[in-house]
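# A look at the structure
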Amino acid sequence: TLRQRGETYQSKNKNGGKNSDSSGKRSAMRRKRKSDAEFRTRQLFVTVDQLNRGRELIVDPNEREDLISLNIDAANAAIRSSAFHPAIRYLKSGITILPENNWMTQYKLSLKLFCTLANVASSIGNYDIMNECVDQVLQNGENIIDKFEAYHTLIKSLTFRKHPDEAIGTALSVLDQLGYSLKWSKADVRLVTFQIRRLMKNQTKESIMALPDMTDEWRLKAMCVMAEMLGTTYGSRPDLFTLLCCKISRWSIKYGVSKSSIQAFTGMAQLNIIPNRDDEMCQTSLALLERFDAKGLEPLLLMLIYGYIQHRTTLIHDCLEPLSKGFTLGTQIGMIEHAGYNCSLLCSYAFFSGERLDRVESKMYKFLLWMDEYKFSGNTRKSNLIFSQAVQCLQGKARTPFTLEGTFVIDLNEMIDKAKGNNLLKCTLDTCRLELYYLFHQYKEAGTVLENALDIIKLRPGHFSAIRFTFYECLASIQLAKTSKNKAWATRASNAKSKFFKWAKLGNVNCDHMVSLIEAETAAMEGAIDKAATMYNDITIDSKDIPYLQDRALAYERAGLFFKEIKSDVIAKQHFNKAQQYYADWGAKAKKIHALQQACYNADITQAIAV
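Numbers given for residues are sequential positions, taken from 1 along each chain in its written order. Selection of residues for local features in this predicted model requires a pLDDT of at least 70, selection of side-chain atom pairs for listing and counting requires 80 or more, and totals for whole chains, interfaces and linings are taken over all residues. Remark: hydrogens and water are excluded; side-chain values derive from all non-hydrogen atoms of the structure.

A word on the overall build of the protein chain. Under the scheme used here, helices are H or I runs from DSSP no shorter than 4 residues and strands are E runs no shorter than 2 residues, and both carry numbers assigned from the N terminus. Looking only at helices and strands, the protein chain features 32 helices and zero strands. Throughout this description, buried means an accessible area under 20% of the type-specific maximum (1.4 Å probe, protein chains only), exposed means over 50%, and partly exposed covers the range between. With 611 residues in all, the protein chain has 55% of them scored as buried. Two residues qualify as a contact provided that any one of their heavy atoms is within 4.5 Å of a heavy atom in the partner residue. Nonlocal contacts in the protein chain, meaning residues at least 24 apart in sequence, comprise 66% of its contacts between residues at least 6 apart. Of the roughly 27800 Å² that the protein chain leaves accessible, carbon and sulfur atoms contribute 50%. Note on areas: Shrake-Rupley with a 1.4 Å probe; residue coverage comes only from the protein chains shown.

Following the sequence through the fold, lysine 221 ends up in helix α12 (residues 217-233). Setting aside residues no more than four positions away along its own chain, lysine 221 makes contact with Ile145, Phe148 and Leu178.

With that settled, the discussion passes to helix α26 (residues 487-505). For α26, spanning 19 residues, the distance from its first C-alpha to its last is 27 Å, which sits close to the expected 27 Å at 1.5 Å a residue. Residues of α26 that are buried: Trp489, Ala493, Ala496, Phe500 and Trp503. Considered in projection along α26, the buried side chains sweep an arc of 80 degrees and stay on one side of the axis. Seen from the open side of α26, the exposed residues pointing more than 90 degrees away from its buried face are Lys487, Lys502 and Lys505. Residues of α26 that are buried sit in contact with α23 (443-451), α24 (456-459), α25 (464-484) and α27 (512-525). You can read the cap of α26 off the contacts: a side-chain oxygen lies 2.8 Å from the backbone nitrogen of alanine 488, and it is on asparagine 486. For a helix, the expected span equals 1.5 Å multiplied by the residue count minus one. The arc in question is the one traced by the directions running from the helix axis out to the C-beta atoms. Two N or O atoms form a polar contact when they lie within 3.5 Å of each other; inside protein one atom must be a possible hydrogen donor and the other a possible acceptor, and for residues adjacent in sequence the pair counts only when both atoms belong to side chains.

A separate point is the environment of aspartate 73. With respect to the helices, strands and loops of the structure, aspartate 73 is situated in helix α3 (residues 61-80). With 18 residues separating them in the primary sequence, aspartate 73 and leucine 91 have C-alpha atoms 9.4 Å apart.

Viewed as axis vectors pointing N to C, α25 and α26 meet at an angle of 145 degrees, and their least axial separation amounts to 8 Å. Crossing angle aside, the handedness with which α25 passes α26 is left-handed. Along the contact surface, α25 presents Ala466, Ile467, Thr470, Phe471, Glu473, Cys474, Ser477, Ile478, Leu480, Ala481 and Ser484, while α26 presents Trp489, Ala490, Arg492, Ala493, Ala496, Lys497, Lys499, Phe500 and Trp503. Helix axes use the C-alpha atoms of the stretch in contact, all axes being lines fitted to C-alpha atoms, and the angles between their N-to-C directions lie in the range 0 to 180 degrees. By definition, any crossing whose near helix is turned counterclockwise from its far helix by less than a right angle is left-handed, and any crossing with a clockwise turn is right-handed.

This part covers the packing of aromatic side chains. Stacked, tilted and edge-to-face pairs are distinguished by plane angle, under 30 degrees for stacked and over 60 for edge-to-face with tilted covering the rest, among Phe, Tyr and Trp rings (Trp via its six-membered ring) whose centres lie within 6.5 Å. According to the stated counting rule, one finds 25 aromatic pairs in the structure shown. A ring pair is formed by phenylalanine 45 and tyrosine 90, whose centres lie 5.7 Å apart and whose planes are at 15 degrees; its orientation type is stacked. Placement of phenylalanine 45 in helix α2 (residues 23-53) and of tyrosine 90 in helix α4 (residues 84-97) is noted, with a sequence separation of 45 residues between them. On the basis of relative accessible area, phenylalanine 45 is assigned to the partly exposed category, the value being 21%. Joined through ring pairs, the aromatic side chains of Tyr349, Phe351, Phe352, Phe387, Phe464, Tyr548 and Trp586 make up one cluster.

A separate point is the packing of helix α7 (residues 127-140) against helix α8 (residues 144-160). Geometry of a packed helix pair, given as the angle between the helix axes and the separation of the axes. Where α7 meets α8, the closest approach of the two axes is 9 Å, and the angle between their N-to-C directions is 150 degrees. Put simply, α7 runs roughly antiparallel to α8. Crossing geometry of α7 relative to α8 is assigned as left-handed. Facing Tyr127, Met130, Asn131, Val134, Val137 and Leu138 of α7, the residues of α8 in contact are Asp146, Lys147, Ala150, Tyr151, Thr153, Leu154, Ser157 and Phe160. Working rule for angles: under 35 degrees goes down as roughly parallel, over 145 as roughly antiparallel, 65 to 115 as roughly perpendicular, anything else as oblique.

This part covers the pattern of salt bridges. By salt bridge we mean one thing: a side-chain nitrogen of Lys or Arg within 4 Å of a carboxyl oxygen of Asp or Glu. Inspection of the entire model under this criterion finds 15 salt bridges. Between aspartate 213 and arginine 291 there is a salt bridge, with the nearest N and O atoms lying 2.5 Å from each other. Here aspartate 213, found in the loop between α11 (205-209) and α12, pairs with arginine 291, found in helix α15 (residues 278-291); they are 78 residues apart in sequence, far enough to count as distant.

Attention now moves to the confidence of the model for the protein chain. pLDDT expresses how confident the predictor is about each individual residue, on a scale running from 0 to 100. When pLDDT is averaged along the protein chain, the result is 87; 89% of the residues meet or exceed 70. A low-confidence stretch, residues 602-611 (pLDDT under 50), is modelled with 17 contacts involving residues beyond four sequence positions or located in other chains.

Printed below as a string of structure tokens:
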């Protein structure tokens, strides 16, 4: 039969040889097995292609069924090689071979074909095909278990396309059908947080790894849906995000672990629900990733650990390479949405890390082209555009360096309008605008941003932009308190300062130099001249220890402004010269000119940049 011919090319090559102590022989055997597997895969493709060309001549129902199965096998082989377009072709061929009453006579094959095609089409952003396949399964599936894979694909695509309300609504509907209705309130969140803290008190990585696998199929699927909801509730529904992380983790401890446990334990580390155990939670997630051989979750895990957790104890610079790996791996295995998240974090963190702006710009342009190829249109692409504009403003490629405009031509008013009701996008927009306004001394505008800003720490838990926003929030508030004599700004500065002291005390190495500059600025605001002078001198003497090039330049600039204010012009000019040097090293031409103007007492920045 056709099925037997196909299986000839798929049968595994059994190794009948004896184990050898020679690494050379073992290596040769591995190469031979790989070569044999590749040969069998190529032969499978050739065979199925030939049979598909003559499928109209095949009339025997059994042989047509065999050919459908072979197309599914060829599609799966193509998916394993990240060849998604050929996979779609094989799946479509399988569908065309189905009889007219396929859901009556070929139910299982139809279910497999349409579910797999929906998933592959979603991976490459072909949502028209995905929607058609999902509709077929939801209309003809006999029960929620059979429909589950289609629902799962739909929820993932809605999350990726930034339709949070639809994604959450669909997920809640599936949970209802599975018999695990989910309702929540702030009291529920507090209760489940208390429960998981108590439950985790005596749990370690070793004890969690000793837990059995969850076997209840219905609960497994409910956990899978809740884990998928984590992506869309982060930022949009922070209370629900917390509830889901705690609930999945609690089920894992009580009923057994699964792939969904990986995201939940990482989410708890992201939220810092179990104090001082973030690293242990991450290591547990990595161990579970290996235990379940969940390669498809690796890009997501790299994004969560190095995008939201690891920078609490290591420099942000050390997170760039793992995020790059997450992007590459996600692209290779078809987890395009997770690749996109890694890509977005990589671009913004490269900007925050003080990497040369021309390199950051090059990365962002490359990733924007990649996003266009995969039809990204949501927050991931928009955030990248905002950071690209910020880079170009600093490079002097905008009409005014403190307004988000450049060669990418973002309409600022349009972007602000789009950010209404979009918490994550508004946080990104506010972070970049606040930094530019402060750097170019547009303090009134910075104050306006702060007055209308959302709670970024609550909405973006673990994201490094929360630290950078709070840094500039503190500096801008100090300056506004100094110039306006408004006590509200002094209170806001004090609150932001306390957050930094807390982060630094917990060991966040990215905050140390920020705390020093904030203290110096606070002393200057309070009129403690000698104390401020000593602090500024200490910061500039130790400036080479500041890991961020732009913050090194900022420290010299703020010191220059202080000494200029107290009429120590010679010292001020020395600091301004150093600031210019470091801004030039960063590639911020507009900011270098701005520092030069301050040293020369020239306020017309627009004309200076034009020259």
